[in-house]
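# Summary of structural features
Letter by letter, the chains look like this.
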Amino acid sequence: MAKDTPDKIRRAALKLFSRQWFETVSIAEICREAEVSNGVFYRYYANKDQLIRDLLEDFLEQFARELSDIFGKTVDERLGRMFEVVFKAGVDHADQVTVFREGQYRFPEYEERIRDIYLGYCEQVFQRRISEAEYLYTVSGLRFNSTRSLYDGLPRRPEVIARFVRSGIFCDEKHISGSVSVPEHYESVPEISPGDSRERLLATGMLMIGERGYHDK
């Protein structure tokens, strides 16, 4: 058996999983794409779950390695470098990012692990322990913008996002085009009790989408 057979299977699976929902891809399709027999597949993987977990592991290892290349003498320099790495990962590893986005809901522990990676490097950037609020403020917008850049073709401007994190969205930096005005009144948001049916619907939806994929809902 060729030594590169497992790699061929992973490459085939990555291509197919990044273009279709996990549940819609069969082992037979993966084998055809990899040009191996179904029997060969089972020599390396017990099922598709084991295979996609391998792909998720590969991505986390690679992403953590790339984030470790954060340098700079100031917080601004380190933060800017971190944002550059994240945006670049969306370009260089688009298929892996796509597969990870489905995998993190199917296997929630992977979302916890990438959160730990982000948190660790945020603390490296700021060189101190950071609170949950600081973590969410720093990373949530970064992840959202990186994803939208990947799928919607929006401009990638990590330096602007980093500036927002450091100075707030109402800073008057000249290089940020357009103006932002604060509305006189905000609509009130109704409070949601812990037992509200909306929370139960969200929790159930996340579980079902993770198990079956969005297309099957």
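Residues numbered from 1 in each chain as written. Predicted model: local features only at pLDDT ≥ 70, side-chain atom pairs only at ≥ 80, totals over all residues. Heavy atoms only, no water.

This part is about the overall build of the protein chain. Across its full length, the protein chain carries ten helices and zero strands. Taken from N to C terminus, the helices and strands of the protein chain fall in the order α-α-α-α-α-α-α-α-α-α. Buried positions account for 38% of the 217 residues belonging to the protein chain. Counting only contacts in the protein chain whose residues sit at least 6 apart along the sequence, the fraction spanning at least 24 positions is 65%. (Helix = DSSP H or I, 4+ residues; strand = E, 2+ residues; numbered from the N terminus. Buried < 20%, exposed > 50% of the residue type's maximum accessible area, 1.4 Å probe, protein only. Contact = heavy atoms within 4.5 Å.)

Moving on, we get to the pattern of salt bridges. By the definition in use, this model includes 18 salt bridges. Ionic pairing is found between Asp 7 and Arg 10, a salt bridge with its closest N-O pair at 2.4 Å. Linking Asp 7 with Arg 10, this pair stays in helix α1 (residues 5-17), spanning three residues, or about one helical turn. Here the salt bridges share partners, and the residues they tie into one network are Asp 7, Arg 10, Asp 54 and Asp 58. (Salt bridge = Lys/Arg side-chain N within 4 Å of Asp/Glu carboxyl O.)

With that settled, consider the packing of aromatic side chains. Counted according to the given criterion, the structure contains seven aromatic pairs. Seen from their ring centres, Phe 41 and Tyr 42 are 5.3 Å apart, and the 80° between their planes marks the pair as edge-to-face. The class of Phe 41 is buried, set by a relative accessible area of 0%. Counting every residue linked through ring pairs, the aromatic cluster contains Phe 59, Phe 63, Phe 100 and Tyr 118. Lying over the aromatic face of Phe 22, Lys 48 brings its terminal NZ or CZ to 4.4 Å of the ring centre. Arg 53 extends its terminal NZ or CZ atom over the ring of Phe 107, reaching a point 4.1 Å from the ring centre. (Phe/Tyr/Trp six-rings, centres within 6.5 Å; stacked < 30°, edge-to-face > 60°. Lys NZ or Arg CZ within 6 Å of the ring centre and 35° of its normal.)

With that out of the way, let us pick up the nonpolar core. Phe 17, Ile 30, Phe 63, Leu 67, Met 82 and Tyr 118 are the most contacted members of the largest nonpolar core, which totals 54 residues. Broken down by element, the residue count for this core peaks at nine residues, all from helix α7 (residues 108-126). If near-sequence neighbours (up to four positions away) are discounted, Ile 30 is found in contact with Ile 9, Ala 12, Ala 13, Leu 16, Phe 17, Val 25, Phe 41, Lys 48 and Leu 51. (Core = buried A, V, L, I, M, F, W, Y, C linked by side-chain atoms within 4.5 Å.)

In this section: the environment of Tyr 44. Here Tyr 44 is to be found in helix α3 (residues 38-44). Along the primary structure Tyr 44 and Ile 9 are separated by 35 residues, whereas in three dimensions their C-alpha atoms are 9.1 Å apart.

In the contact formed by α1 and helix α4 (residues 48-67), the axes pass within 10 Å of each other and the chain directions differ by 90°. If you check the angle between α1 and α4, you find them roughly perpendicular. Of the residues in α4, those in contact with Ile 9, Arg 10, Ala 13, Leu 14 and Phe 17 of α1 are Lys 48, Leu 51, Ile 52, Asp 54, Leu 55 and Asp 58. (Axes fitted to C-alpha atoms, helices over the stretch in contact; angles between N-to-C directions. Parallel < 35°, antiparallel > 145°, perpendicular 65-115°, else oblique.)

Moving on to the confidence of the model for the protein chain. Counting all residues, the mean pLDDT for the protein chain is 82, and 78% of those residues have values of 70 or more. Of all helices and strands in the protein chain, the one with the weakest mean pLDDT is helix α10 (residues 197-212) (66), whereas helix α2 (residues 27-34) scores best (97). Contacts of residues 173-190 to residues separated by more than four positions or lying in other chains number ten contacts, the stretch itself having pLDDT below 50. (pLDDT = per-residue confidence, 0-100.)

With that settled, consider α2. Buried residues of α2: Ile 27, Ile 30, Cys 31 and Ala 34, and no others. Projected down its long axis, α2 carries its buried residues within an arc of 95°, all on one side. Those residues of α2 hidden inside the fold are in contact with α1, α3 and α4. With its phi angle positive at about 60°, Glu 35 sits one or two positions after the end of α2. (Arc of directions from axis to C-beta.)

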